[in-house]
Amino acid sequence: MGCAPSIHVSQSGVVYCRGSDECSSPRQGSGASQGPGGPPRGLLVPADAAPRGHAPGPPGAARVRRARAELGSGSSAGSAAPCGATCRGRRRHCCASAEAETQTSYTSVKVSSAEVRIGPMRLTQDPIQVLLIFAKEDSQSDGFWWACDRAGYRCNIARTPESALECFLDKHHEIIVIDHRQSRAFDAEAVCRSIRATNPSEHTVILAVVSQVSDDHEEASVLPLLHAGFNRRFMENNSIIACYNELIQIEHGEVRSQFKLRACNSVFTALDHCHEAIEITSDDHVIQIHKIHRDSGENSQTESHSIRYKSRRKESIDVKSISSRGSDAPSLQNRRYPSMARIHSMTIEAPITKVINIINAAQENSPVTVAEALDRVLEILRTTELYSPQLGTKDEDPHTSDLVGGLMTDGLRRLSGNEYVFTKNVHQSHSHLTMPVTINDVPPSIAQLLDNEESWDFNIFELEAVTHKRPLVYLGLKVFSRFGVCEFLNCSEATLRAWLQVIEANYHSSNAYHNSTHAADVLHATAFFLGKERVKGSLDQLDEVAALIAATVHDVDHPGRTNSFLCNAGSELAVLYNDTAVLESHHTALAFQLTVKDAKCNIFKNIDRNHYRTLRQAIIDMVLATEMTKHFEHVNKFVNSINKPMAAEIEGSNCECTPPGKNFPENQILIKRMMIKCADVANPCRPLDLCIEWAGRISEEYFAQTDEEKRQGLPVVMPVFDRNTCSIPKSQISFIDYFITDMFDAWDAFAHLPGLMQHLADNYKHWKTLDDLKCKSLRLPSES
């Protein structure tokens, strides 16, 4: 059964259209709705001329045959349907105005919505609607009608100015074609002005059809048409192809531009109703629109204005919200929004942001291959782990992978019912401590050892033995005296002795590695590095004192377990420090707590506040630098900021004695961080006997941690450190390859340490020899 057409008779006339998509077949049109008494579609039915349902007959079939021939075989008009059915099915039918009933479509081209991308936006564009305003049907109106049919547009026809305006206000057509050839029926320019007077016409293209000009007449100016509101002029041509080409050009030109403008207006309308401070930037992050919303009680004000900042770049998306509107604090909003908007408009750029902006700008004029490579660069730069190398699979080197997992992560973050409890009370009373002897009254055996403390080959284990595991106090007194620490801090030797004893008492002597002997060893290495000419020339005395104090306290109260273990066990410290640099944060915090708790050991009590704050910050920064998660960040920054500029300067001046940037605090910070990091893990650079002893101690501590993880059911952070299967030479080789070599190469290039680098090479050779012989212990059985 065919789809019946819908006819609406207004007071002024009938609006004809071919409209909706609700009919399932373009050829359905014959049948009851098209019986002999039915009104043919596309004819004017004046309200006072005929009863509803009656109209004059259709135009002659010759016009339809001409249209079919002109449309060509590619159109459905050229199908084998009978002429009568084609005439009925392809003729125009009526579309209602505001009170329209169901519309019926007989278009030969399937009409559907299309997705259009405008920048980051994806918009749906409905099929284009065309309104033809012709007082009577003729070959020109038929030409535009069939052109719309071919292009897949929805087409309406109006015969009077009133019906045209009524239909336009209902449909909001993108294109309007007005017959300007005859002035007897209506004034085309007046019709155009009446449509332009409505709001929807802002985005409508209006075309004037004018008569052909004879050769003996001068062509008229288009200015009157433009002043009336027309956009284009079309010289009378009833060829369907000519009409089709005109409509297609309008679609791909003005219509698409107007569609983009409507999309922008929609965005601005949304912004106008937004209760936030808004900033809109161009693709190169130049601010275009800056909007502030002020909410004062029940009245709200919106300021929206365009600002062009020539040199202000932001790494932001195209529409960026910089604050959220509170619902219950109107008085706070009065202060918050203007200040937030001012902050967001400030030129606050991190160096990495500038780098990304430079790369983005370089991409615009780069070949495709270069642009793709820069995309990968940007992807890497936007990650947080810029300095951490990416390892292969664990099967390639399990020792390296386990070391990285144990030293450079904060555990698996798995919650556990087990909680690690320290076996030692960290807040010991000072009254139970015996005051040490003065440096001048040191026993001869200890004094004899300390005479050699300035040598890199100084044997810390011999000092540990003769001092009954109290090497830190004696070595500290000697080193601090040599660097004039008491004079700088304006404290007595007795106060320094008390402080050293308090700090050493809070190291766990039960730990195989992280005990006061390790602290003394790091203090010795730090003092050795401070004695090197280039290091000494780069740092001030405050830096030296801070470095010695940081080395002394850098592992105080260490539990003999890694950060990963504490996080997995849900320890109190891990909870306190949010699983981030847990032990390093604890070492510094406890060191200052112990220092200021009692005036007898407060070495900072006599320095002024500014010096104390500067000294405290330097100590904290150096201790936190010993945390291994940022190992590669510190090393790479040192290489790029110290080594490379120094090498370039030396090449230019042929001088090897110039300290790099003593007056630059940033460089001094990098040097201090690198110094304490190298001192903290200098064991592979010690003489072979000392290196082997330290390797055995750290391995035993890791073995004990693995045992406890298995006992408590915790994740095993470093599975290779199983005392029954571990190869100590392999673990040392991996540690040297992954952490030590590059760092000490950089430090040697700065501080000139040939002796240390020779020890490192010898020790590495020792471990490689053991590994080649499949030996898993510290020495060959024959040497043991």
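Only a predicted model underlies this, so the values are computations on that prediction, with no experimental measurement involved.

### What about the overall build of the protein?
Next, step 1: Broken down by element type, the protein carries 28 helices and 13 strands.
Next, step 2: A total of 784 residues make up the protein; the buried ones form 49% of that total.
Next, step 3: As displayed, the protein offers around 37600 Å² of accessible surface, 51% of which is attributable to carbon and sulfur atoms.

### Focus: the packing of aromatic side chains
Next, step 1: According to the stated counting rule, one finds 20 aromatic pairs in the structure shown.
Next, step 2: Taken together, a centroid distance of 6.2 Å and an interplanar angle of 40° make the contact between Phe480 and Trp499 tilted. Of this pair, Phe480 sits in helix α14 (residues 471-482) while Trp499 sits in helix α16 (residues 493-505); the two residues are 19 residues apart in sequence, bridging distant segments of the chain.
Next, step 3: Ring centres 6.4 Å apart and planes at 85° place the aromatic pair Phe592 and Tyr612 in the edge-to-face group. With Phe592 in helix α22 (residues 582-597) and Tyr612 in helix α23 (residues 609-625), this residue pair connects regions lying 20 residues apart in the sequence.
Next, step 4: Under the relative-accessibility criterion, Phe592 is labelled buried at 7%.
Next, step 5: The class for Tyr612 is partly exposed, based on a relative accessible area of 22%.
Next, step 6: Taken together, the aromatic side chains of Trp456, Phe528, Phe529, Phe638, Trp747 and Phe750 make up a single cluster linked through ring pairs.
Next, step 7: Sitting over the face of the ring of Phe592, Arg616 holds its NZ or CZ atom 4.6 Å from the ring centroid.
Next, step 8: A cation over a ring is seen here: Arg686 above Trp456, with NZ or CZ 3.9 Å from the ring centre.

### Some points on the confidence of the model for the protein
Next, step 1: When the pLDDT values of the protein are averaged, the result is 76; 67% of them are 70 or greater.
Next, step 2: Across residues 1-62, confidence stays below pLDDT 50; counting only partners more than four residues off in sequence or on other chains, it has 141 contacts.
Next, step 3: Note on residues 293-347: pLDDT is under 50 here. Beyond four places in sequence and across chains, it has 114 contacts.

### Quick notes on the pattern of salt bridges
Next, step 1: Summed over all chains, the structure comprises 22 salt bridges.
Next, step 2: Two residues, Arg482 and Glu453, come together in a salt bridge whose shortest N-O distance is 3.0 Å. Here the residue Arg482 occupies a position in helix α14, and Glu453 occupies one in the loop between α12 (444-450) and α13 (460-466), the gap between them amounting to 29 residues.
Next, step 3: We classify Arg482 as partly exposed; its relative accessible area is 32%.
Next, step 4: For Glu453, a relative accessible area of 2% puts it in the buried group.
Next, step 5: Salt bridges linked by common partners bring Asp138, Asp179, Arg181 and Glu236 together as one network.

### Considerations on the packing of α14 against helix α19 (residues 541-553)
Next, step 1: Contact geometry of α14 with α19 gives a least axis separation of 12 Å together with a crossing angle of 175°. Looking at the two axes, α14 sits roughly antiparallel to α19. Across the interface between the two elements, Leu472, Val479 and Phe480 of α14 pack against Leu548, Ile549 and Thr552 of α19.
Next, step 2: Its residues placed into classes, the contact of α14 with α19 shows 5 nonpolar, 1 polar and no charged.

### Some words on the nonpolar core
Next, step 1: Formed by 113 residues in total, the largest nonpolar core has its most connected members in Leu489, Trp499, Phe529, Ile549, Leu615 and Trp747.
Next, step 2: Broken down by element, this core gets its largest block of residues, 13 residues, from helix α27 (residues 728-751).
Next, step 3: Phe134, Cys148, Val209 and Phe234 belong to the second-largest nonpolar core, a separate cluster that totals 23 residues.

### Comments concerning helix α26 (residues 688-712)
Next, step 1: Taking 1.5 Å of rise per residue, 25 residues should cover 36 Å, and α26 covers 36 Å from first to last C-alpha, within 8% of that figure.
Next, step 2: Gly713 sits one or two residues past α26 and shows a positive phi near 75°.

### So, the packing of helix α17 (residues 516-530) against α19
Next, step 1: The interhelical angle for the contact between α17 and α19, taken along N-to-C directions, is 160°, at an axis separation of 8 Å. The orientation of α17 relative to α19 falls into the category roughly antiparallel. Where α17 crosses over α19, the two elements pack in a sense that is right-handed. Across the interface between the two elements, Ala519, Val522, Leu523, Thr526, Ala527 and Leu530 from α17 touch Glu544, Ala547, Leu548, Ala551 and Thr552 from α19.
Next, step 2: Across the contact of α17 with α19, the residue classes break down as 8 nonpolar, 2 polar and 1 charged.

### A look at the environment of Pro224
Next, step 1: Summarising the element assignment, Pro224 is placed in helix α6 (residues 223-228).
Next, step 2: Expressed as a C-alpha distance, the spacing of Pro224 and Glu189, which sit 35 residues apart in the sequence, is 8.8 Å.

### With respect to a nonpolar patch on the surface
Next, step 1: A contiguous nonpolar patch, built from Val222, Leu223 and Leu226 and spanning about 240 Å² of accessible area, is present on the exposed surface.
Next, step 2: Tracing the backbone shows Val222 in the loop between β8 (205-210) and α6.

### Some thoughts on the environment of Ser445
Next, step 1: Structurally, Ser445 can be placed in helix α12.
Next, step 2: For Ser445, a relative accessible area of 40% corresponds to the partly exposed category.
Next, step 3: Measuring from C-alpha to C-alpha, the distance between Ser445 and Leu463 comes to 9.1 Å, with 18 residues separating the pair along the chain.

### What to know about unusual backbone geometry
Next, step 1: With a phi close to 55°, Asn578 is a non-glycine residue in the positive phi region.
Next, step 2: Mapping Asn578 onto the fold places it in the loop between α21 (572-576) and α22.

### Re the environment of Ala574
Next, step 1: Inspection of the secondary structure assignment puts Ala574 in helix α21.
Next, step 2: By relative accessible area, which is 1% here, Ala574 ends up buried.
Next, step 3: Measuring from C-alpha to C-alpha, the distance between Ala574 and Asn563 comes to 7.9 Å, with 11 residues separating the pair along the chain.
Next, step 4: If we skip the residues at most four places from it in the chain, Ala574 touches Leu566, Cys567, Asp579 and Val582.

### Here's the deal with the side chain of Glu251
Next, step 1: Along the polypeptide, Glu251 turns up in helix α7 (residues 240-272).
Next, step 2: We note that Glu251 is buried and unpaired, the nearest opposite charge coming from Arg256 at a distance of 4.3 Å.
Next, step 3: Apart from the residues within four sequence positions on either side, Glu251 is in contact with Ile128, Tyr153 and Arg256.

Thresholds applied
- Residues numbered from 1 in each chain as written.
- Predicted model: local features only at pLDDT ≥ 70, side-chain atom pairs only at ≥ 80, totals over all residues.
- Heavy atoms only, no water.
- Helix = DSSP H or I, 4+ residues; strand = E, 2+ residues; numbered from the N terminus.
- Buried < 20%, exposed > 50% of the residue type's maximum accessible area, 1.4 Å probe, protein only.
- Areas by Shrake-Rupley, 256 points an atom, 1.4 Å probe, with all protein chains shown as cover.
- Phe/Tyr/Trp six-rings, centres within 6.5 Å; stacked < 30°, edge-to-face > 60°.
- Lys NZ or Arg CZ within 6 Å of the ring centre and 35° of its normal.
- pLDDT = per-residue confidence, 0-100.
- Contact = heavy atoms within 4.5 Å.
- Salt bridge = Lys/Arg side-chain N within 4 Å of Asp/Glu carboxyl O.
- Axes fitted to C-alpha atoms, helices over the stretch in contact; angles between N-to-C directions.
- Parallel < 35°, antiparallel > 145°, perpendicular 65-115°, else oblique.
- Nonpolar A, V, L, I, M, F, W, Y, C, P; charged D, E, K, R; others polar.
- Core = buried A, V, L, I, M, F, W, Y, C linked by side-chain atoms within 4.5 Å.
- Expected span 1.5 Å × (residues − 1).
- Left-handed = near helix turned anticlockwise from the far one by under 90°.
- Patch = residues over 30% accessible without salt bridge, like charges linked within 9 Å, V, L, I, M, F, W, Y side chains within 5 Å.
- Lys, Arg positive; Asp, Glu negative; His and termini not counted.

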